Amino acid sequence: MEYNEIDIKNGIKIHTIQTNKFKTNLIAVMLTTKLNKENVTKNALIPAVLRRGTANLKTQEEINKKLEEMYGASLDCGLDKTGDNQVLKFYIECVNDEFLPQNNENMLKTSLERIFEMVFNPYLENGSFKKEYVEQEKENLKQIIEGKIDNKARYSLDRCIEEMYKDEPFGLYKYGYIEDLNDINEKNLYEYYISFINQCKIDIFVSGILDDEMQEFIKNNENIVKTKERDPEYVMPELKPKVASQENIIKESMDVNQGKLIIGLDLDLENDDLRYDAMIYNSLLGGSANSKLFQNVREKASLAYTASSNYYRFKNNIFINCGIEIDNYDKALEIIKQQIEDMKKGDFTDEEVENAKQGIIAAIKTIDDEQDTEITYFFGQELSQSKLNINEYMERINKVNKENVIDIANKVSINTVYFLKN
């Protein structure tokens, strides 16, 4: 696998992943912009509306027919919240030309044309988006927003983040808010899309067996040619330690059979290199089946159905996630806090540190097993501007020792305890 990147205009970059591991090419276009309350709902609508039709393929039916002609290519779009950014994602996957029956077809170039057309050249009626498409996608988005309470674990995590980051971008729900939908129509959404597409950060990823002409083809594509240079409006992750002066405790009631306990931890890290130590700390605390939370809260005390933790590198937070019997709240919280304190005292072995490192390295080794995982890895590198290849990444993990982890443990504090009960 060989990774390269090239700036084609200010704020627009091509990333190539040359690999012969797959019979497919995967193309991804990532549009990144700052998260803010004013535009979060519009940004969530845009991929869904763009997916409905292009200037040349005006309906979903025409798009699907074209994909069938392309040997069953698949086209998809999505939305992410990465740190204080909202990312609009567009993907197309096609068979690599080397595996096609005819030599005169260039499926990679056809796929690039299709995805650029979807992102940059949407279907318009009377100089704006098609009203029917916008209204239907508003209704679909409304259902997504209303349905967020259906997954209680995800809802509880979102609510904990919302409380921890009140009135801050990261506290926003990535799909936006129902109250915003009434004011959005086909005209003002299209006007917003034009300003957005001229200001967002654009990253074009192409993975597969690639020819030498591919980069020139992208640069000369009419949709890329007409895009403007930009000073992209996105947020580099900042190492601004967010340490709460006191624990914030939030309890909410809903018709649930199982309590959801989320604990948001702050990491007071002043150096980006400490994130490798933080990954090992998280693995020991709750990031693996041998972790303190899993062993002590779930297995020994039988207080939780699930007990785990996740490290949010872009915000210097760890979120502990437990599904518990509602009556076990006080006891579970006490044992969880004890695990956090035990980590500060170094109550874990060198062998446990080594096992955590090996677990993370094993996961890193699988990054190039799937094309979308590879793209996600390099896109994370792009946003953080920490350019490490996979071997360097493993080397940094390997250097972490027990003392490093104890140092991290003593930079951890509880910010918010969120409990969803019946």
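The rules behind each value
- Residues numbered from 1 in each chain as written.
- Predicted model: local features only at pLDDT ≥ 70, side-chain atom pairs only at ≥ 80, totals over all residues.
- Heavy atoms only, no water.
- Core = buried A, V, L, I, M, F, W, Y, C linked by side-chain atoms within 4.5 Å.
- Buried < 20%, exposed > 50% of the residue type's maximum accessible area, 1.4 Å probe, protein only.
- 1 Å grid on protein atoms, 1.4 Å probe; cavity = no way out; pocket = protein on both sides within 12 Å on 5 of 7 lines; lining within 4 Å.
- Points joined across faces, edges and corners; volume = space filled by probe spheres on them.
- Helix = DSSP H or I, 4+ residues; strand = E, 2+ residues; numbered from the N terminus.
- Nonpolar A, V, L, I, M, F, W, Y, C, P; charged D, E, K, R; others polar.
- Pairing = 2+ DSSP bridges.
- Axes fitted to C-alpha atoms, helices over the stretch in contact; angles between N-to-C directions.
- Contact = heavy atoms within 4.5 Å.
- Expected span 1.5 Å × (residues − 1).
- Polar contact = N/O pair within 3.5 Å; in protein donor to acceptor, adjacent residues only side chain to side chain.
- Salt bridge = Lys/Arg side-chain N within 4 Å of Asp/Glu carboxyl O.
- Phe/Tyr/Trp six-rings, centres within 6.5 Å; stacked < 30°, edge-to-face > 60°.

### Quick notes on the nonpolar core
So, point 1. Ranked by internal contacts, the top residues of the largest apolar core, which has 78 residues, are Leu261 and Tyr281.
So, point 2. Counting 57 residues, the second largest nonpolar core, distinct from the first, contains Leu45, Ile63, Met118 and Leu172.

### Observations concerning empty space enclosed by the protein
So, point 1. Taken as a whole, this structure holds two cavities of 30 Å³ or more when the rule is applied.
So, point 2. The space that makes up the largest cavity amounts to roughly 60 Å³.
So, point 3. Lining of the largest cavity is provided by Thr54, Leu57, Ile63, Lys66, Leu67, Leu75, Arg114, Glu117 and Met118.
So, point 4. For the lining of the largest cavity, the secondary structure elements donating two or more residues are α2 (60–69) and α3 (107–120).
So, point 5. The class makeup of the residues in the lining of the largest cavity is five nonpolar, one polar and three charged.
So, point 6. Volume-wise, the second largest cavity comes out at about 40 Å³.
So, point 7. For the second largest cavity, the full set of lining residues is Val49, Leu50, Gly53, Pro122, Tyr123, Phe129 and Tyr133.

### Some words on the sheet that holds strand β5 (residues 85–95)
So, point 1. The six strands are arranged β1-β2-β8-β3-β5-β4 in an open sheet whose pairing can be described as mixed. Among the strands making up the open sheet, the edge pair consists of β1 (2–9) and β4 (74–82). Each neighbouring strand pair of the sheet contributes to a mean axis angle of 15°, computed without reference to strand direction.
So, point 2. Of the strand pairs in this sheet, strand β3 (residues 24–34) and β5 are connected by eleven bridges, and their pairing is antiparallel.

### Quick word on the side chain of Thr33
So, point 1. Here Thr33 shows up in strand β3.
So, point 2. Residues contacting Thr33, with those up to four places away along its chain left out, are Asn43, Asp84, Asn85, Gln86, Phe196, Glu233 and Tyr234.

### A few points about α3
So, point 1. Across its 14 residues, α3 extends 20 Å between first and last C-alpha, which sits within 8% of the 20 Å expected from 1.5 Å per residue.
So, point 2. Within α3, twelve of the 14 residues are buried, leaving the element largely enclosed by the surrounding structure.
So, point 3. Measuring from the backbone nitrogen of Leu108 back to the side-chain oxygen at the start of α3 gives 3.4 Å, which picks out Asn106 as the cap.

### Overview of the layout of surface pockets
Any empty space left between atoms is shown by rolling a water-sized probe over those atoms.
So, point 1. Estimated volume of the largest pocket: approximately 1,400 Å³.
So, point 2. Together, 42 residues line the largest pocket, and Tyr311, Tyr312, Arg313, Phe314 and Thr376 are the ones closest to its centre.
So, point 3. Those elements giving two or more residues to the lining of the largest pocket turn out to be β4, β5, α5 (152–164), α10 (275–287), β11 (304–312), α13 (350–365) and α14 (371–384).
So, point 4. Ranked by residue count, the leading element in the lining of the largest pocket is α14, at seven residues.
So, point 5. Across the lining of the largest pocket, the residue classes tally to 21 nonpolar, eleven polar and ten charged.

### Considering the pattern of salt bridges
So, point 1. Taken as a whole and judged by the stated rule, the model has 33 salt bridges.
So, point 2. Note that Lys13 is salt-bridged to Glu382, the shortest N-O span being 3.2 Å. On the criterion of sequence distance, the pair formed by Lys13 in strand β2 (residues 12–18) and Glu382 in helix α14 is long-range, its members being 369 residues apart.
So, point 3. Look at Lys13 and you get buried, because its relative accessible area is 10%.
So, point 4. For Glu382, a relative accessible area of 2% translates into the label buried.
So, point 5. Linking Asp80 and Lys174 is a salt bridge whose minimum nitrogen-to-oxygen distance equals 3.9 Å. Placement of the pair is Asp80 in strand β4 and Lys174 in the loop between α5 and α6 (178–181), with a sequence separation of 94 residues.
So, point 6. Residue classification places Lys174 among the partly exposed positions, given a relative accessible area of 22%.
So, point 7. Sharing partners across several salt bridges, the network here consists of Glu5, Lys13, Lys201, Asp203, Glu382 and Lys387.

### Quick look at the environment of Glu62
So, point 1. Structurally, Glu62 can be placed in helix α2.
So, point 2. When its relative accessible area of 34% is taken as the criterion, Glu62 is described as partly exposed.
So, point 3. In this structure the C-alpha to C-alpha distance between Glu62 and Arg52, which are ten residues apart in sequence, comes to 9.8 Å.
So, point 4. Apart from residues lying up to four places away in sequence, Glu62 is in contact with Asn56 and Leu57.
So, point 5. Polar contacts involving the side chain of Glu62 include one to the main-chain amide nitrogen of Lys58, which spans 3.4 Å.

### Quick look at the packing of aromatic side chains
Ring pairs (aromatic) are described by centroid distance and by the angle formed between their planes.
So, point 1. Counting across every chain of the model gives 16 aromatic pairs.
So, point 2. Here Tyr123 and Tyr133 contribute two aromatic rings whose centre-to-centre distance is 6.4 Å and whose plane-to-plane angle is 55°, an arrangement assigned as tilted. Taken as a pair, Tyr123 in the loop between α3 and β6 (124–125) and Tyr133 in helix α4 (residues 131–146) lie far apart in primary sequence, ten residues in all.
So, point 3. For Tyr133, a relative accessible area of 7% translates into the label buried.
So, point 4. When the ring of Phe170 is compared with that of Tyr312, the centres are 6.4 Å apart and the planes differ by 80°; the resulting orientation is edge-to-face. Of the two residues, Phe170 sits in the loop between α5 and α6 while Tyr312 sits in strand β11, which places them 142 residues apart along the sequence.
So, point 5. You can call Tyr312 partly exposed: its relative accessible area is 24%.

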